[in-house]
Amino acid sequence: MPAQTITTDTFATTIKDGVTLVDFWATWCPPCRMQGPIVEKLSEEYSDQAKVAKVDVDSNQELATQFGIQSIPTLLLFKDGELVNKFIGLQSKDVLDGAIKDALA
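Keep in mind the model is a prediction, meaning the values are calculated, not measured.

Q: Hey, could you run me through the overall build of the protein chain in this one?
A: If you tally the helices and strands in the protein chain, you get four helices and five strands. The order of α-helices and β-strands along the protein chain, N terminus first, is β-α-β-α-β-α-β-β-α. Computed over its C-alpha atoms, the radius of gyration of the protein chain comes to 12 Å, within 12% of the 13 Å expected for a compact globule of 105 residues. Viewed in the frame of its principal axes, the protein chain has a C-alpha envelope of about 35 × 25 × 20 Å. Taken over 105 residues, the protein chain has a buried fraction of 45%. Counting only contacts in the protein chain whose residues sit at least 6 apart along the sequence, the fraction spanning at least 24 positions is 70%. Here the protein chain has roughly 5500 Å² of accessible surface; of this, 52% comes from carbon and sulfur atoms.

Q: Looking at this structure, how should I read the state of the cysteines?
A: Disulfide: a covalent bond formed between the sulfur atoms of two cysteine residues. Taken as a whole, this structure holds one disulfide when the rule is applied. In this model, Cys 29 is linked to Cys 32 through a disulfide, with the two sulfur atoms separated by 2.4 Å. On the sign convention where negative is left-handed, the bridge of Cys 29 and Cys 32, at about 80° about the S-S bond, is right-handed. This pair shows no difference in class: Cys 29 is buried, exactly as Cys 32 is.

Q: Would you mind showing me how to read the sheet that holds strand β5 (residues 82-88) here?
A: In sheet architecture, strand pairing relies on hydrogen bonds along the backbone and comes in two forms, parallel and antiparallel. Taking strand neighbours across the sheet as the criterion, the five strands line up as β1-β3-β2-β4-β5 in an open arrangement whose pairing is mixed. Looking at the sheet topology across the chains shown, the edges are occupied by β1 (4-5) and β5. Against the sheet, helix α2 (residues 30-45) contacts β2 (19-25), β3 (51-56) and β4 (74-79), and its axis sits at roughly 155° relative to β3. Running at roughly 15° to β4, helix α4 (residues 93-104) makes contact with β2, β4 and β5 of the sheet.

Q: What is the right way to look at the nonpolar core in this model?
A: Nonpolar side chains in soluble globular proteins generally cluster together in the buried interior. Of all hydrophobic cores here, the largest spans 19 residues; its most connected members are Phe 11, Val 22, Phe 24, Phe 67 and Ile 72. It is β2 that contributes the most residues to this core, three residues altogether. Apart from residues no more than four positions distant in its own chain, Phe 24 is found in contact with Phe 11, Val 55, Val 57, Leu 63, Ala 64, Phe 67, Ile 69, Ile 72, Pro 73, Thr 74 and Leu 76. Counting 15 residues, the second largest nonpolar core, distinct from the first, contains Ala 50, Leu 75, Leu 96 and Ala 103.

Q: Any chance you could explain the packing of aromatic side chains here in plain terms?
A: Remark: the centre distance and the inter-plane angle together describe each pair of aromatic rings, the angle taken between the planes. Here the structure, examined in full by the defined rule, presents five aromatic pairs. Here the aromatic rings of Phe 11 and Phe 24 are separated by 6.4 Å at their centres, their planes lie at 50°, and the arrangement is tilted. Of this pair, Phe 11 sits in helix α1 (residues 11-15) while Phe 24 sits in strand β2, and the two are 13 residues apart along the sequence. As far as the burial class goes, Phe 11 and Phe 24 line up, both buried.

The rules behind these values
- Residues numbered from 1 in each chain as written.
- Predicted model: local features only at pLDDT ≥ 70, side-chain atom pairs only at ≥ 80, totals over all residues.
- Heavy atoms only, no water.
- Helix = DSSP H or I, 4+ residues; strand = E, 2+ residues; numbered from the N terminus.
- Rg over C-alpha atoms; globule rule 2.2 N^0.38 Å.
- Buried < 20%, exposed > 50% of the residue type's maximum accessible area, 1.4 Å probe, protein only.
- Contact = heavy atoms within 4.5 Å.
- Areas by Shrake-Rupley, 256 points an atom, 1.4 Å probe, with all protein chains shown as cover.
- Disulfide = S-S within 2.5 Å.
- Pairing = 2+ DSSP bridges.
- Axes fitted to C-alpha atoms, helices over the stretch in contact; angles between N-to-C directions.
- Core = buried A, V, L, I, M, F, W, Y, C linked by side-chain atoms within 4.5 Å.
- Phe/Tyr/Trp six-rings, centres within 6.5 Å; stacked < 30°, edge-to-face > 60°.

Written as structure tokens, this is what we have:
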């Protein structure tokens, strides 16, 4: 299942329950394009346990401001609506995989 695209309007509902990894990115950002396939792979692997979502910062600047996103990619990990982890810059699959497992534990 591909990562779902969320917006300012759908953000709160999406992260409210369970574990959700949110990738803040933009189409013009080379490291974001490298992060994309990793995020999609995690979305497939965790489709029955966690949500994986993407926020385009150009279209959702209010959300980026709300979470203090100053460089992208930035990935935020939420558990039941609470921010539990933040990753700035390109992250390996292993790092994100470990963080999701910790949040699910």
